[in-house]
Every structure is written in C-alpha cells, then in structure tokens.
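# Reading the structure
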Amino acid sequence: MEQKAGHRYSTAVGKQESPDSSQGRNGSLQRALLPQRIEQSERHIQRQRQTTITEQSTTSFGEGPYPGGDNFVRKAFRLKGAPEESTSTILKSLAPATLKQYNRTYKLWWDFCKKTRTHPFSANSTEVLRFLQDILENYNLGYGSFNSHRSALSLVLAVNLEQCSLIKRFLKGVFKLRPSKPRYDVTWNPQIVLDFFNTEEVVDLQTLSKRLVTLLALITGHRVQTFSVIRTSNIVRHEKGVRIFISDNIKTSGLERS
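Remember, predicted model here, so these are calculated numbers, not experimental data.

### Focus: the packing of aromatic side chains
This structure, assessed with the given rule, holds 11 aromatic pairs. Taken together, a centroid distance of 6.3 Å and an interplanar angle of 70° make the contact between Tyr102 and Tyr106 edge-to-face. Of this pair, Tyr102 and Tyr106 both sit in helix H5 (residues 96–116), four residues apart, which is roughly one turn of the helix. A relative accessible area of 14% means that Tyr102 is categorised as buried. Residue Tyr106 is classed as buried on the basis of its relative accessible area, which comes to 0%. Pairwise contacts between aromatic rings join Tyr66, Phe72, Tyr102, Tyr106, Trp110 and Phe121 into one cluster.

This is the structure:
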C-alpha cells in the first residue's frame, strides 16, 4: 500500500510543469493575442469618434426639436469631453431651480441658432452678442435676465463669456437701458401682524404652527424654503432658549459655507 501511494505521488509530481515553462507559454499566448487587442482598441476609439461626430451633426444649427434643458446641458458636457457615465453627476451640481431658469435661455438660444444657422454648442462671443441683441430688441427684459442668459450660455459653450470684454461692455449698456427694478417697492409695518395675533385666541395646533412660522420669518428673515426643512429632531432646547439646526441643503448652502 505504501509503495503504490508513493508511486502515485511520484507520477503526479512528474506531470507538473516548471514555472519557467508556464511563463513561456503565457508569454507566447499574450504575443499571439496582441494584434487582436490592438484591433479591438482601435475599433473602440473609432466608435467613440463616430459617436461624437454624430452628436455634433445632429445638433448642427439647432436642427430638430429642442431637446429640453437636461438633455441640452448633458450633450454640451459630452461635447466638452465629459464621459457619459459622469454627466449625471456633473448635472447634480446644478440646482433644479437654476436648471429651470437656464432652460428658458436654452430654448431661446436653440431657436436663434436654427434661424441664424449657428451651431448651438460651438458658437463664439460674436454670435452670443447677436443673440443678446435680438433678445433686447424683441423682449422687454431687465438687466438681471441678460446676466442670467450670459451665465446659462457660459455653461454650455467653450468660449469664456464671463471674461469676454465685449460681453461685459454689452451688459453695462443693458444696465443703463434696462436697469434692474428694486426688489422691494414698498415696505409694511410688522406691528399690523402682531396686533392681529392679539385679537384672536389660538384654538388649534395648525393655527398655532402658522403663527410660529410667521414670527420666525419676521425675526430671522429666512426664506420659506428654510422653514420647510425644519425637523423636530433638530430643535434643541437650552437654558437661554431654543436652537433650530438646518441639516438639509438650502439655497444659501455651499461647499465652503457652514
């Protein structure tokens, strides 16, 4: 029994390959597959180039229906070199309200490009000036709207509109022609609200909650958005009063703000 076992062991050992022999075969296999891998890589690069060319050709001169704000910005990022898998993350850098505001600009820009045979993603500052002048002549918009148009187009175009001296000079002219209206035309006395609160007795929780939010608005001057994200778990009582922590992102939140 021992001899047979030993014989089997020696036979199994005899069939094993040396490390040098195994590495040699792997190296030969890698060299044999190298041309095939190079060909696959070249095909992949060609497909990427063809995709870019197709995207550019399908949006030349604003042809076809307007694709919508999300798709418009997404395509601009793709043409700037962002990989497809990263565009959704990049879009998250824009607040929904900002994207909604920019969408008005992109719709007007798309129609302008279709009318003037301009490429919507590769236009220069001269074409942007023509677009802004067209808006000035056909729409009764103030300076703030033109500044928003500039910011929206800066996001999707390769040209740096923020630093363009002609664009800056144009906006200064718009400011003199269409100055921004004051945010508040009139003010009112908050004592009117306080007197109203004193005239009626609070009988239910809903009315009490509304009064509390009204008083918070008068005291703090915060936006309605801030009050909408107040959580009971973030309300902390201490010996000097009550503290309310806002843990959600709001309009005034930022990377370098706390």
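### A closer look at the side chain of Glu127
You can see Glu127 is positioned in helix H6 (residues 125–138). What Glu127 contacts, discounting residues up to four positions off in sequence, is Trp109, Phe112 and Thr118.

### Quick look at the nonpolar core
One recurring pattern in soluble globular proteins is that nonpolar side chains are buried together. Within the largest apolar cluster, 35 residues are counted, with the highest numbers of intra-cluster contacts made by Val73, Tyr106 and Trp109. Contributing elements (two or more residues each) for this core: helix H3 (69–79), H5, H6, helix H7 (143–156) and helix H8 (165–177). Broken down by element, the residue count for this core peaks at seven residues, all from H5. Every residue in contact with Val73, bar those within four places of it in the chain, is listed here: Leu91, Leu94, Leu99, Tyr106, Leu155 and Val156.

### Concerning H5
With 21 residues, H5 should reach 30 Å at 1.5 Å per residue; the first-to-last C-alpha distance of 30 Å fits that figure. Taken together, the buried positions of H5 are Leu99, Tyr102, Thr105, Tyr106, Trp109, Trp110, Phe112 and Cys113. Immediately downstream of H5, the backbone of Arg117 shows phi near 60°, a positive value.

So, how was this worked out
- Residues numbered from 1 in each chain as written.
- Predicted model: local features only at pLDDT ≥ 70, side-chain atom pairs only at ≥ 80, totals over all residues.
- Heavy atoms only, no water.
- Phe/Tyr/Trp six-rings, centres within 6.5 Å; stacked < 30°, edge-to-face > 60°.
- Helix = DSSP H or I, 4+ residues; strand = E, 2+ residues; numbered from the N terminus.
- Buried < 20%, exposed > 50% of the residue type's maximum accessible area, 1.4 Å probe, protein only.
- Contact = heavy atoms within 4.5 Å.
- Core = buried A, V, L, I, M, F, W, Y, C linked by side-chain atoms within 4.5 Å.
- Expected span 1.5 Å × (residues − 1).

Function-wise, these values are silent; they only describe arrangement.
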